[in-house]
Amino acid sequence: MTEQASRTLPSLARIVVVGGGVGGTSVAYHLALSGERDVVLVDRSELTSGSTFHSAGLVGQLRSDPTLTAMNRYSVELYSSLQQGDTPPGWVQCGSIRLASTQERWEEIQRQAGWAASSGLEMSLISAAEAQELFPLMSTDGVVGACFLPTDGQVDPSSLTYSLAAGARAMGVQILTGTRVLGIDTEGEGLRRRVVRVRTDQGDIECEKVVDCGGMFAAEIARMVDVRVPIVPMSHQYVVTEAMFEHRETPLPSLRDPDNLVYYRQEVDGLVMGGYERNSEPFTASASSYDAVPADFNGRLLVPDHDRFVEISENAAIRVPAIADAGIRTFINGPEAFTPDNEFCLGPTDVAGFYVAAGFCAHGIAGAGGIGKVVAEWVLEGAPPMDLWHMDVRRFGQSYRSPSYTLARTVENYETYYDIRYPAHERSAGRPLRVSPAYAWHAAHGASFGEKSGWERVNVYESNATADDESWRPRGWAGRNWSPGVVAEHRAAREAAALFDESSFAKIEVRGPDAARLMEWVCDNVVARGTGSVTYTQMLNARGGVECDVTVTQTASDAFVVVTGTAFANHDASWLRTQARETDADVTITDVTGAWACFGLWGPNARAILERLTPQDLGNDAFPFMSMRETTVGDVPVRLVRVTFVGELGWELYCPTEYGAGLWRTLWAAGEEHGLVAGGYRAIDSLRLEKGYRVWGAELDPAHTPYESGLGFCVKLEKDFLGRDALAAQKESGVAQRLACLVLDDAAQVALGNEPVRLDGAVLGRVTSGGIGFHVGSSIAFVYLPVAVQDGARVEVGIFGEWVGATVTKDPLYDPRSERVRA
Ligand SMILES: Cc1cc2nc3c(=O)[nH]c(=O)nc-3n(C[C@H](O)[C@H](O)[C@H](O)COP(=O)(O)OP(=O)(O)OC[C@H]3O[C@@H](n4cnc5c(N)ncnc54)[C@H](O)[C@@H]3O)c2cc1C
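Worth saying up front: this structure is predicted, and the values here are computed from it rather than measured.

Conventions used here
- Residues numbered from 1 in each chain as written.
- Predicted model: local features only at pLDDT ≥ 70, side-chain atom pairs only at ≥ 80, totals over all residues.
- Heavy atoms only, no water.
- Near = heavy atom within 4 Å.
- Polar contact = N/O pair within 3.5 Å; in protein donor to acceptor, adjacent residues only side chain to side chain.
- Areas by Shrake-Rupley, 256 points an atom, 1.4 Å probe, with all protein chains shown as cover.
- Helix = DSSP H or I, 4+ residues; strand = E, 2+ residues; numbered from the N terminus.
- Buried < 20%, exposed > 50% of the residue type's maximum accessible area, 1.4 Å probe, protein only.
- Pairing = 2+ DSSP bridges.
- Axes fitted to C-alpha atoms, helices over the stretch in contact; angles between N-to-C directions.
- Contact = heavy atoms within 4.5 Å.
- Phe/Tyr/Trp six-rings, centres within 6.5 Å; stacked < 30°, edge-to-face > 60°.
- Lys NZ or Arg CZ within 6 Å of the ring centre and 35° of its normal.
- Disulfide = S-S within 2.5 Å.

J.: I would appreciate a short explanation of the site of the ligand in the present structure.
T.: Not every one of the 38 residues close to the ligand is listed here, only the nearest: D43, S51, T52, E336 and A366. Note that a nitrogen atom of the ligand is positioned 3.1 Å from one of the backbone N or O atoms of A362. For the ligand, whose unbound accessible area comes to 1000 Å², protein coverage reaches 98%. Listing elements by their share of the shell around the ligand, those giving two or more residues are α1 (22–33), β13 (232–241), β17 (328–338) and α8 (364–381).

J.: Hey, could you run me through unusual backbone geometry in this one?
T.: Most peptide bonds are trans, and most residues other than glycine sit at a negative phi. Cis geometry is adopted by the peptide bond preceding P432, which originates at R431 and carries an omega value of -10°. With respect to the element layout, P432 can be found in the loop between α9 (403–415) and α10 (439–444). Put simply, D811 and P812 share a cis peptide bond, and its omega is 5°. Along the chain, P812 falls in the segment after β38 (802–809). Positive phi outside glycine occurs at D226, with the angle close to 55°. Of note, D226 is situated in the loop between α6 (218–223) and β13. Phi at T284 takes a positive value of approximately 65°, unusual for a residue other than glycine. Topologically, T284 is positioned in the loop between β16 (270–275) and α7 (310–319). We classify T284 as partly exposed; its relative accessible area is 28%.

J.: Hey, could you run me through the environment of V561 in this one?
T.: Along the chain, V561 falls in strand β26 (residues 559–564). C-alpha of V561 to C-alpha of V592: the two residues are 31 residues apart in sequence and 9.0 Å apart in space.

J.: What is the right way to read the sheet that holds strand β24 (residues 534–540) from this model?
T.: Pairing between the strands of a sheet comes from backbone hydrogen bonds, and it takes one of two forms, parallel or antiparallel. Strands sit in the order β24-β25-β26-β23-β27 across an open sheet of five strands; the sheet is antiparallel. At either end of the open sheet lies a strand with only one pairing partner, and these are β24 and β27 (588–591). Looking at each pair of strands side by side, their axes are set apart by 30° on average, direction ignored. Examined bridge by bridge, β24 and strand β25 (residues 546–556) share seven bridges and lie antiparallel to one another. Paired with T537 across the bridge in β25 is V550. Strand contacts of helix α13 (residues 569–582): β23 (506–511), β24, β25, β26 and β27, with the helix running at about 80° to β25, the strand carrying the most contacts.

J.: Which parts of the structure should I look at to understand the packing of aromatic side chains?
T.: Working definition: an aromatic ring pair is given by the centre-to-centre distance plus the angle between the planes. One pass over the structure, following the stated rule, counts 28 aromatic pairs. An angle of 80° between the planes, with centres 5.3 Å apart, marks the rings of Y276 and Y418 as edge-to-face. Taken together, the residues span a long stretch of sequence, with Y276 in the loop between β16 and α7 and Y418 in the loop between α9 and α10 at a distance of 142 residues. Across this residue pair, the class does not change: Y276 and Y418 are buried. These aromatic residues form a ring-pair network of at least three members: Y276, F338, Y414, Y417 and Y418. Positioned over the ring face of Y422 is R480, at 4.0 Å from the centre of the ring. Taking NZ or CZ as reference, R629 lies 5.2 Å from the ring centre of F623, over its face.

J.: Explain the state of the cysteines here, please?
T.: Note: disulfide means a covalent bond formed between the sulfur atoms of two cysteine side chains. One pass over the structure, following the stated rule, counts zero disulfides. Not engaged in a disulfide, the cysteine C345 finds its nearest cysteine sulfur in C361; these two sulfurs lie 7.4 Å apart. By relative accessible area, which is 0% here, C345 ends up buried. There is no disulfide at C523, and the cysteine sulfur nearest it, in C548, is 8.7 Å away. For C523, a relative accessible area of 0% translates into the label buried.

Following this line, the structure appears as structure tokens:
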């Protein structure tokens, strides 16, 4: 740690980066690379003195999230190009092996081979013997198969940080070590609150933007502006062995054996060996405190915890027997910033100008290059270059303000790090937390609950399962955690009526003198059409990419309710607040999710069930599709909204939460004679798939426009809105790709997402989402394909190593003229 700090603290800088680990230096490097030179990086101690200096330095690229894979691929490109420069980071492209020591893991590896193919990453499936040829120290006992990724590697984390710092400095960034941030000042109230100054122990810096790259200290830094970054420092351990083999000309590939919870990489003539213990140990975090890392914890490690490492050591010797006799040169126990879902915390926050790039969950070295690139663009352009929703710090809702909840979720994630994630897998920590007023009814009627954003939601009622429907069970992984109850619930919605509890839907109220102006500016569709109007619309970024996909109800001349997916409350509210700030709109934006229960009643019998409960005329003239009426249902005041997410006649019924249990019971009782069935989210998903309804985060994302996604009908180019110019230009030039619907040849083969899709042997896209449409009787998948691929074209979907034939089919497959919803 010989970094020479410039001791002159500037009083002014456009951007201040806090933290001189691999994250902060990469962000600073990429800000400068993008042309922004007015950047100061401060660290309270020396560069690399947080988690970075004690990292194991493995760089793996392939992840389940294609965006993260692309970011890691960029890291590899960057590290190998820096290796050619004056301050090489110690990059070694040694390749990596991942072993399957169980049949299930072998299936997972085949699935990952599909992800690699759809990401354009070279990866081969190899036998146990071939793995041993590449890594001679390993035993092949119990190895079912393996995969080899030749472009993975390892890097020296400190050298990488100094290399990035040198590059940043050469481009004009000032780096000041020994400079501790004590406070961050903001000005303005509510959504106009913005960063203006960073206060350090060396003086103040007036600034426009701050990027919190504080690693495990990021929560403490964010608290200075009352922003919650849910990060828990977790102890992570590895050992470095004495020499175990003769000097090699070619480096050993790194080796991961997830079934045994261990990883290895070469270190001189010995090995680095570490793993993820099942009995984890958070550092300083507790149920009542989340940012108590000591003020002098820099350049320091924790005391080795040999007891906790016993399982890892024993497993390590199963796979690499020689390690049992190898001496231990160093035992590292270092804290690292983990998050509740094992993904990074990146991007803007509700305080204007305050950004985060932290919580790297023991893959920050692999990710740093890509993280720096995307965060720099986000900070400079206001939008990231790709879909970063899974890493967006705004994905965490209010519940993560709680230290105990954050801790429970993070610990669960750490301890199951190497577990296979089967589809429909549900987590258990911190549950139940948020429940609908009808929760007790669901539990008493055989509900199987899933969890999203802390909400307990019905996946399916096991009580609806009938033996006949077993014939629909998908093959392989998709058939695990699957219930035949989904088929019965799906059928009921199509043939009679089904009642769904959607109380978790996020509801955001936009109110104020400028509400209509703001909503028209952010939405591609016309939404200010008068009280009672309901509009399906997207909110776009300047490139025309879909940032939010929502239904907007106008509830008064100056008020709108935006309804969006359960997980998107924070994200969409934050997008609205940012646009309100930028357009100086006089509005208040409030998340009212918990104030309203919401039930969806859909199916051909929906009108018959409802009409005896309400004074409201439900006929098409009095109450057309896409409109809202305030009325009563039974004894309950209800906002009745005629929309559907399943493609049937019906309504969403919103009522104040305290009436929810009563309203549910009333609907249930009235529905009995009409064949009403209670349904869960699994049925909603299969219903929406065959009706061709898109989901944000799967089909829709900031990288694709409504024209590409098949939502051109929402775009009203005749008005002015954010993203309009980009869409007008795209309409003129035509789209290069479009969202296509595939029908698989075999209805029992189900795509779970991210599977490669190929035409004539060439991979052209990856599945966004898939599932069975039980009414149309097909396995359906969506994928972006070049427009040249026409309906009727034959393609193949790579499912667990098998190429399944599929036909590109005009969508929607169900009720293409939407006659049912307007019935
Ligand atoms: C044992 C171990 C093994 C690992 N192995 C791997 C691996 O093999 N591959 C991989 O990809 N990743 C690995 N990681 C993870 C990786 O090391 C981290 O993700 C990464 O180093 C985090 O970098 P960072 O910049 O976010 O944080 P840090 O390196 O912790 O940097 C944060 C900096 O912020 C500074 N700071 C904090 N508060 C203030 C303040 N108030 N004012 C000014 N400065 C402040 C700190 O001094 C510190 O230097 C491992 C981690 C551990 C612990």
